[in-house]
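Take a look at the letters that make up each chain.
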Amino acid sequence: QVQLVESGGGLVQAGGSLRLSCAASGSIFNIDTMGWYRQAPGKQRELVAAITGIFNTNYADSVKGRFTISRDNAKKMVYLQMNNLKPEDTAIYYCRVDRYNVYYWGQGTQVTVSS
C-alpha cells in the first residue's frame with residue numbers, strides 16, 4: 001500500500017552537494033520512521049539517516065555533519081541534503097519507511113561522486 005520513489009541522484013565532484021527526495025504515496029503516518037539507506041557495489045546496504053516523530057534523527061558516523069535528513073508530512077516527502085560529498089559516498093540510495101518492523105522500500109537513485 002506504500003510506494004516510494006527517490007530522485008535527485010546524479011554525478012557530482014568531491015566536495016559538491018546533492019539533495020535527494022523521496023515521494024511517498026499510500027498510507028503514510030507521521031509516527032512512521034523514514035530513512036535513507038545506501039548500498040555500494042560489493043557492500044552491504046547500510047543506514048545513512050533516519051527520522052522519527054517530530055524531529056528525532058539518527059545518522060551514520062560517516063555522514064554526521066555532512067548530511068541532513070528532513071521530512072514534510074503534509075507532502076509525504078523525505079529529503080536528504082548531502083554536502084561535502086566524498087567518493088566513498090558513491091552508492092545507490094534508497095528511501096525506506098519503517099512501520100513497526102514492516103518495511104517499504106523505494107527502488108533507489110544512483111549517487112556517484114568523482115575525485
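Everything below is about the structure printed above this text.
Residues numbered from 1 in each chain as written. Predicted model: local features only at pLDDT ≥ 70, side-chain atom pairs only at ≥ 80, totals over all residues. Heavy atoms only, no water.

So, the nonpolar core
Counting 28 residues, the largest nonpolar core has W36, V48, F67, V78, L80, M82 and Y93 as its most contacted members. When near neighbours in sequence (up to four residues on either side) are disregarded, V48 contacts W36, Y37, R38, N58, Y59, A60, V63, F67, L80 and Y93. (Core = buried A, V, L, I, M, F, W, Y, C linked by side-chain atoms within 4.5 Å. Buried < 20%, exposed > 50% of the residue type's maximum accessible area, 1.4 Å probe, protein only. Contact = heavy atoms within 4.5 Å.)

Observations regarding a nonpolar patch on the surface
Where nonpolar side chains cluster on the molecular surface, the patch consists of F29, I31 and Y100 and spans about 390 Å² of accessible area. Locating F29 in the fold gives a position in the loop between β3 (18-25) and β4 (33-39). When its relative accessible area of 42% is taken as the criterion, F29 is described as partly exposed. (Patch = residues over 30% accessible without salt bridge, like charges linked within 9 Å, V, L, I, M, F, W, Y side chains within 5 Å. Areas by Shrake-Rupley, 256 points an atom, 1.4 Å probe, with all protein chains shown as cover. Salt bridge = Lys/Arg side-chain N within 4 Å of Asp/Glu carboxyl O. Helix = DSSP H or I, 4+ residues; strand = E, 2+ residues; numbered from the N terminus.)

Comments concerning the side chain of T33
Within the element layout of this structure, T33 appears in strand β4. Setting aside residues no more than four positions away along its own chain, T33 makes contact with A50, I51, T52, R96, V97 and D98.

Section: the sheet that holds strand β1 (residues 3-7)
An order of β1-β3-β8-β7 is seen for the 4 strands of this open sheet, with the pairing classed as antiparallel. Sheet topology places β1 and β7 (67-72) at the edges, where each strand pairs with a single neighbour. On average, each strand axis in the sheet is tilted by 15° relative to the strand beside it, whichever way the strands run. Two elements, β7 and strand β8 (residues 77-82), share 6 bridges in a ladder whose sense is antiparallel. Each bridged residue has a counterpart across the sheet, and for F67 the counterpart in β8 is M82. (Pairing = 2+ DSSP bridges. Axes fitted to C-alpha atoms, helices over the stretch in contact; angles between N-to-C directions.)

Structural notes on the pattern of salt bridges
For the structure shown, the criterion picks out 6 salt bridges. The closest approach of N and O atoms between R38 and E46, which form a salt bridge, is 2.8 Å. Residue R38 is classed as buried on the basis of its relative accessible area, which comes to 6%. Owing to a relative accessible area of 35%, E46 belongs among the partly exposed residues under this scheme. Salt bridges linked by common partners bring R38, E46, R66 and D89 together as one network.

Note that all results are geometric; they support no functional claim without further evidence.
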